[in-house]
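Take a look at the letters that make up each chain.
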Number of protein chains: 2
Amino acid sequence: MSDSHIQVTASLDPCGLDEHPDCGIRDVLTRVGDKWSVLVIVELASGIRRFRELQRGIDGISQRMLTLTVRRLERDGLVTRTVYPTVPAQVTYELTALGSSLTHLVKQLADWSLDHRETIGRSRARYDAQHPDNEIH
Amino acid sequence: MSDSHIQVTASLDPCGLDEHPDCGIRDVLTRVGDKWSVLVIVELASGIRRFRELQRGIDGISQRMLTLTVRRLERDGLVTRTVYPTVPAQVTYELTALGSSLTHLVKQLADWSLDHRETIGRSRARYDAQHPDNEIH
DNA sequence: GTCTGACATGAAAGTGCCTCCTTGTGGACT
DNA sequence: AGTCCACAAGGAGGCACTTTCATGTCAGAC
């Protein structure tokens, strides 16, 4: 850990050394840490979805963001996009085996967050009370 | 899942309903998904650190980013900051029980990433070859 | 012709993280 | 005075994500 290094480049290539798992964690967070990706993953964990179905299942996401998000997930190999030559055209998205392998971790993170939500909220309130000058929300 | 909703506000308050674990996952990613937080957590998992020790242990992080990052982690209750009235002044940081409770998940994410790094790399190369017009890296 | 559904894409503006550089505080030392 | 150590904070610019709005393609229906 103390020997960790990340050469910060545009694509954030992890160093890949086994003794540097932190590089790995940065990589996965870069991959799913954006606003919408993990929500897409969670929705697809429930089964294959057409574009509109997927959009309706994720509150607040625009057509644009959904298109960009699923494209990135597809590029990373987490999602499969299938185009049907129907009229009107239809596209479906589903998790790959790789994408599915991430879902149990996502579930655990969600559980952790729910388990500790109140504690974190109290901590924030306490901190803000003690540091009224610090605007870091 | 399909009833999920996130009211996107500046502070991203999760809805907190048990049937909406995705709100939880967004919350935790907001918390540790930035570039440096998880690296700080990983470094502190190895033990208490003074500021400079922490900075040296995380390659590439500036004094400024470290200050901001530990401040946010402290606010969330993941890290304890202890000031020693020495000359020169000294500060130490260590994980709280809450912060520590996250480390095994972080480890799992890191492992997942290392396990699948090659697969993802290949997927990207394949995707880029098939979609030369898509600049989405 | 227009409209619809389904989905992709382009353009521009807004936002905030991140970086770089600088300054500050409090001692101690030369 | 200057320099050092230890750490915090200010200011400004860059960049990418995000959002909004608009446009595009392809058929089919009217």
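Residues numbered from 1 in each chain as written. Chains lettered and ligands numbered in written order. Predicted model: local features only at pLDDT ≥ 70, side-chain atom pairs only at ≥ 80, totals over all residues. Heavy atoms only, no water.

Quick word on the overall build of chain A
So, step 1. Regarding its fold elements, chain A presents five helices and three strands.
So, step 2. Along its sequence from the N terminus, chain A presents helices and strands in the succession α-α-β-α-α-β-β-α.
So, step 3. A burial count over chain A gives 47% of its 137 residues as buried.
So, step 4. Counted over contacts in chain A with a minimum sequence separation of 6, partners at least 24 positions apart contribute 35%. (Helix = DSSP H or I, 4+ residues; strand = E, 2+ residues; numbered from the N terminus. Buried < 20%, exposed > 50% of the residue type's maximum accessible area, 1.4 Å probe, protein only. Contact = heavy atoms within 4.5 Å.)

Comments concerning the protein's contact with DNA strand D
So, step 1. As a matter of local geometry, DNA strand D sits amid 20 residues, with Lys35 and Met65 of chain A together with Gln63, Arg71 and Arg81 of chain B nearest to it.
So, step 2. Within 4 Å of the protein, the atoms of DNA strand D are drawn from sugar and phosphate moieties in a proportion of 64%.
So, step 3. Within the backbone of Lys35 of chain A, an N or O atom sits 2.7 Å from a phosphate oxygen of DNA strand D.
So, step 4. Counting residues per element, the ones that place at least two in the surface near DNA strand D are helix H4 (63–75) of chain A together with helix H3 (51–57), helix H4 (63–75) and strand S3 (90–95) of chain B.
So, step 5. Sort the elements by how many residues they give to the surface near DNA strand D and H4 of chain B lands first, with four residues. (Near = heavy atom within 4 Å. Polar contact = N/O pair within 3.5 Å; in protein donor to acceptor, adjacent residues only side chain to side chain.)

Things to note about the pairing of strand S2 (residues 79–84) of chain B
So, step 1. In this structure, S2 of chain B lies alongside S3 of chain B, joined through six bridges in antiparallel fashion. Counted as the bridge partner of Thr80 of chain B is Glu94 of chain B from S3 of chain B. (Pairing = 2+ DSSP bridges.)

Regarding the sheet that holds strand S2 (residues 79–84) of chain A
Residue and element names in this part refer to chain A.
So, step 1. In spatial order, the strands read S1-S3-S2; together these three strands make up an open sheet with antiparallel pairing. The strands lining the two open edges of the sheet, one partner per strand, are strand S1 (49–50) and S2.
So, step 2. As defined by bridge partners, S1 adjoins strand S3 (residues 90–95) across two bridges and the pair is classed as antiparallel. From the neighbouring strand, Arg50 faces S3, where its bridge partner is Thr92.
So, step 3. Packing of helix H2 (residues 37–45) onto the sheet brings it into contact with S1, S2 and S3, and relative to S3 it is tilted by some 90°. (Axes fitted to C-alpha atoms, helices over the stretch in contact; angles between N-to-C directions.)

Quick notes on the sheet that holds S3 of chain B
Residues and elements named next belong to chain B.
So, step 1. Here three strands make up an open sheet; going across it, the order is S1-S3-S2 and the pairing antiparallel. The sheet is open, and its two borders are formed by strand S1 (49–50) and S2, each paired with just one other strand.
So, step 2. Helix-sheet contacts for helix H2 (residues 37–45) involve S1, S2 and S3, and the interaxial angle to S3 is about 90°.

Thoughts on the nonpolar core
So, step 1. Judged by nonpolar contacts, the single largest core of 62 residues is most densely connected at Ile25, Leu78 and Leu102 of chain A together with Ile25, Leu78 and Leu102 of chain B.
So, step 2. Every residue in contact with Ile25 of chain B, bar those within four places of it in the chain, is listed here: Val38, Leu39, Val106, Leu109 and Ala110 of chain A. (Core = buried A, V, L, I, M, F, W, Y, C linked by side-chain atoms within 4.5 Å.)

What to know about the protein's contact with DNA strand C
So, step 1. Around DNA strand C, a shell composed of 20 residues is seen, among which Gln63, Arg71 and Arg81 of chain A together with Lys35 and Met65 of chain B lie nearest.
So, step 2. Backbone atoms, meaning sugar and phosphate, form 61% of the atoms of DNA strand C found within 4 Å of the protein.
So, step 3. In the model, a phosphate oxygen of DNA strand C is placed 3.4 Å from a nitrogen or oxygen of the Phe51 of chain A main chain.
So, step 4. Interatomic distance of 2.9 Å between a side-chain N/O atom of Tyr93 of chain A and a phosphate oxygen of DNA strand C.
So, step 5. Elements represented by at least two residues in the surface near DNA strand C include exactly helix H3 (51–57), H4 and S3 of chain A together with H4 of chain B.
So, step 6. With four residues, the single largest contributor to the surface near DNA strand C is H4 of chain A.
So, step 7. In terms of residue class, the surface near DNA strand C is built from nine nonpolar, three polar and eight charged. (Nonpolar A, V, L, I, M, F, W, Y, C, P; charged D, E, K, R; others polar.)

As for the pattern of salt bridges
So, step 1. A full pass over the atoms with the stated rule returns 16 salt bridges over all chains.
So, step 2. With its nearest N and O atoms 2.8 Å apart, the salt bridge here joins Arg75 of chain B to Asp128 of chain A. In this pair, Arg75 of chain B is assigned in helix H4 and Asp128 of chain A in helix H5 (residues 97–130), connecting two distinct chains.
So, step 3. Since its relative accessible area comes to 8%, Arg75 of chain B is described here as buried.
So, step 4. Judged by its relative accessible area of 23%, Asp128 of chain A falls in the partly exposed class.
So, step 5. Residue Arg31 of chain B pairs with Asp27 of chain B through a salt bridge whose shortest N-O separation is 3.2 Å. Here Arg31 of chain B and its partner Asp27 of chain B are both found in helix H1 (residues 21–32), four residues apart, which amounts to about one turn of the helix. (Salt bridge = Lys/Arg side-chain N within 4 Å of Asp/Glu carboxyl O.)

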